[in-house]
Amino acid sequence: MEEIISIFKKTGVIPVVKLENKDHAVPLAHALADGGILCIEITFRSSAAEESIKKISFEVPEMLVGAGTVLTIEQAGKAINAGAKFLVSPGFNPKIVDFALSKEIPMFPGVNDPSAIEAALEKGLTTLKFFPAELSGGCGMLKAFSGPFAQVKFIPTGGINLSNLENYLSLPNVLACGGSWLVKQDLIEGNHFKKITYLASEANKAAMKYYSE
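Keep in mind that this is a model prediction, so the values were computed, not measured.

Right, let's talk about the overall build of the protein for a bit. Along the backbone of the protein there are 10 helices and eight strands. By the compact-globule yardstick of 17 Å for 213 residues, the protein fits well, its C-alpha radius of gyration being 16 Å. Dimensions along the principal axes, computed over C-alpha positions, put the protein at roughly 45 × 35 × 30 Å. Relative to its 213 residues, the protein shows a buried fraction of 54%. A separation threshold of at least 6 residues defines the contact pool for the protein, and within that pool the share at least 24 residues apart is 61%. Working note: accessible area of the protein is about 9,400 Å², and carbon and sulfur atoms make up 51% of it. Of the charged side chains in the protein, 20 are positive and 22 negative; the average position of the first set lies 2 Å away from that of the second.

Shown next, in the form of structure tokens:
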């Protein structure tokens, strides 16, 4: 877990990707790495997710790859077997959390209210996804959480882009931000990987203002 947290901090941004074609997985991973981003979340919102995770795990070992939108234990198992180093879910499902913990795989469930945060703390989780970030109160809500939940670090996701990235990263309880603006479908499907590298570099430079280690 410490190594994963360290990579998140050094990167500042976790690209959240829906891949329709597994053949885009490796060039996309290289494009992000060239821009200074060494982690990626492949969502289980397409049939190519499992194979994409596998290809990145084996062919781009420097890239930390995780699985997102994990809604079932079956998906969690497939992701782990494919080489995912962490799991992310949009909400808090105790069965999936328990499964991940039993496999000793870091899990970042989505929360946006005190009750879900307390449920996560009960499981020993102190790094959580804040989703959907902008629609759930954004930076204001995260500031409110910092008082009663001082031990929790958040990964806000949903509605984040380069224009508001620094607002989130400046908050002490934000570890990194998840976002899809770096990896839009038209860029991936059009093989515009140089553009993705440029966007990744922009985001990484913005993040390094807050994470210098």
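Here we come to the layout of surface pockets. Taken as a whole, the largest pocket holds about 370 Å³ of empty space. Together, 21 residues line the largest pocket, and V16, R45, F131, T157 and S180 are the ones closest to its centre. Broken down by secondary-structure element, the contributors of at least two residues to the lining of the largest pocket are strand 1 (13-17), strand 2 (39-43) and strand 8 (177-179). Residue composition of the lining of the largest pocket, by class: seven nonpolar, nine polar and five charged. In this model, the second largest pocket occupies a volume close to 200 Å³. Considering the residues around the second largest pocket, the lining is formed by M1, E3, I4, I7, S57, P61, E62, M63, L64, V65, G83 and K85.

Counting 67 residues, the largest nonpolar core has L28 and L87 as the members making the most contacts within it. Those residues in contact with L28, other than ones at most four positions away along the chain, are V17, L19, I40, V183, I188, F193 and I196. Counting 13 residues, the second largest nonpolar core, distinct from the first, contains I4, I5, F86 and L175.

For the rest of this paragraph, the subject is the pattern of salt bridges. Throughout the structure, instances matching the rule amount to five salt bridges. Here D98 makes a salt bridge to K123, at a shortest N to O gap of 2.9 Å. Placement of the pair is D98 in helix 5 (residues 94-102) and K123 in the loop between helix 6 (114-122) and strand 6 (127-130), with a sequence separation of 25 residues. Among the residues examined, D98 registers a relative accessible area of 35% and is labelled partly exposed.

Conventions we followed
Residues numbered from 1 in each chain as written. Predicted model: local features only at pLDDT ≥ 70, side-chain atom pairs only at ≥ 80, totals over all residues. Heavy atoms only, no water. Helix = DSSP H or I, 4+ residues; strand = E, 2+ residues; numbered from the N terminus. Rg over C-alpha atoms; globule rule 2.2 N^0.38 Å. Buried < 20%, exposed > 50% of the residue type's maximum accessible area, 1.4 Å probe, protein only. Contact = heavy atoms within 4.5 Å. Areas by Shrake-Rupley, 256 points an atom, 1.4 Å probe, with all protein chains shown as cover. Lys, Arg positive; Asp, Glu negative; His and termini not counted. Charge placed at Lys NZ, Arg CZ, Asp CG, Glu CD. 1 Å grid on protein atoms, 1.4 Å probe; cavity = no way out; pocket = protein on both sides within 12 Å on 5 of 7 lines; lining within 4 Å. Points joined across faces, edges and corners; volume = space filled by probe spheres on them. Nonpolar A, V, L, I, M, F, W, Y, C, P; charged D, E, K, R; others polar. Core = buried A, V, L, I, M, F, W, Y, C linked by side-chain atoms within 4.5 Å. Salt bridge = Lys/Arg side-chain N within 4 Å of Asp/Glu carboxyl O.

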